Structures are given as structure tokens and as C-alpha cells.
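Below are the chains, spelled out letter by letter.
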Amino acid sequence: MPIERALKNRCKAIVGVSQYDVNNLVNENIKNNVYLIRNGIKDFALIDTHSDPENILAKIKNETGKKIILSISRLALPKRFDLFCKIAEELLDSDYLFVWIGNKENISAVPKNVMMLGEKKMHINTIDMLIYTSFIRL
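The following refers to the structure shown. These numbers come from a predicted model, not from an experiment.

**What to know about the environment of D93**
Move 1: Turning to its location among the elements, D93 is positioned in the loop between helix 4 (81–90) and strand 4 (96–101).
Move 2: Separated by 19 residues in sequence, D93 and K112 have C-alpha atoms that sit 9.8 Å apart.

Structure, rendered in C-alpha cells:
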């Protein structure tokens, strides 16, 4: 947490998106102006998603036989959709399918192993990997 430690006295707020994040900040002695704002992703680990007909990701995984690498974010420059696509291109001939959730716009120029599902609520416990490609400028 070097960035947080360096900026803790300059920020009006430091936001943790889970209780885990907030606890880690407190453990690093970052206690002032720390706020919890949950990211809205529900933990479906206890739900049997394979029997749920609304589970889009499980259907995709079963139909394609590919492992799912998921990213959940809006399409904005700091979220690095370009990097997500570059990683997907590097693994074009692999058994991975890259799924992006959170886009409002349709983007047609994506690698063939990238699927964009838009803004959807869904179970995510059938994915194989979750990645975030966001960056921070200092």
C-alpha cells in the first residue's frame, strides 16, 4: 500500500470497496478519512449457479468449453480496455474467453475471443479468473 501511505495526508478521502480493503488500510495505520463504499458485486459463492437458468457466464462456459477471464468495469480510459484486448490477442489461440461486463457502448473491433456483455447483473462464481486492468497516474 505504498501509494495509499504516500497520499494519506493529501487526500480528502480514501475509499475501500470492501471491508477487507478498509481493514488493510487500518492495519497499515491509514485511519483518517477512510470510507467504505462497496463495489456492488454480490458474492454468489453459496448459490448453485449451474442450475440457475439466468446464469449467463455458466451457459457461455458450458457452450464454448473455454475458461472465462472476466473484467467488470465501465469503458473509460483509466480502466484500460485496450490492455484487456491486448492480453486477449496474446491468448487468441488458447482455451480462454475474455468477458467484459459494464460497457454501455457496443465495440465491434475486438479480438474474436473477447465478449462484451454490457451492464448485467450475474453470478460470477463460474469464472476462472477476474482481472482489473485499471491504472493510477501520480
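**Details of the side chain of S71**
Move 1: Relative to the assigned elements, S71 resides in strand 3 (residues 67–72).
Move 2: Classification of S71 by relative accessible area gives buried; the value is 1%.
Move 3: Apart from residues no more than four positions distant in its own chain, S71 is found in contact with F84, V99, W100, I101, L130 and I131.

**Overview of the nonpolar core**
Move 1: One finds L57, I60, I68, L70, L97, V99, I101, L117, M122, I124 and I127 forming the largest nonpolar core, which totals 11 residues.
Move 2: Among the elements of the structure, helix 3 (56–64), strand 3 and strand 4 are those that each provide at least two residues to this core.
Move 3: Counting residues in each nonpolar core, the second largest holds 10 residues, with F84, C85, V114 and I131 among its members.

**Things to note about helix 3**
Think of an α-helix as 3.6 residues a turn; residues three or four steps apart then line up on the same face.
Move 1: Residues of helix 3 that are buried: L57, A58 and I60. Buried residues of helix 3, seen end-on, are gathered within an arc of 160° and therefore sit on one face of the element. What points out from helix 3, more than 90 degrees from its buried face, is the exposed set N62 and E63.
Move 2: Looking at the buried residues of helix 3, the elements they touch are strand 3, strand 4 and strand 5 (114–118).
Move 3: Residue G65 follows helix 3 closely and has a positive phi angle near 75°.

**Thoughts on the pairing of strand 5**
Move 1: Judged by how many residues are buried, strand 5 sits mostly within the fold: 4 of 5 residues are covered.
Move 2: Bridging between strand 4 and strand 5 involves 4 bridges; their strand directions are parallel. If you follow V99 over to strand 5, its bridge partner there is M115.

Conventions we followed
Residues numbered from 1 in each chain as written. Predicted model: local features only at pLDDT ≥ 70, side-chain atom pairs only at ≥ 80, totals over all residues. Heavy atoms only, no water. Helix = DSSP H or I, 4+ residues; strand = E, 2+ residues; numbered from the N terminus. Buried < 20%, exposed > 50% of the residue type's maximum accessible area, 1.4 Å probe, protein only. Contact = heavy atoms within 4.5 Å. Core = buried A, V, L, I, M, F, W, Y, C linked by side-chain atoms within 4.5 Å. Arc of directions from axis to C-beta. Pairing = 2+ DSSP bridges.

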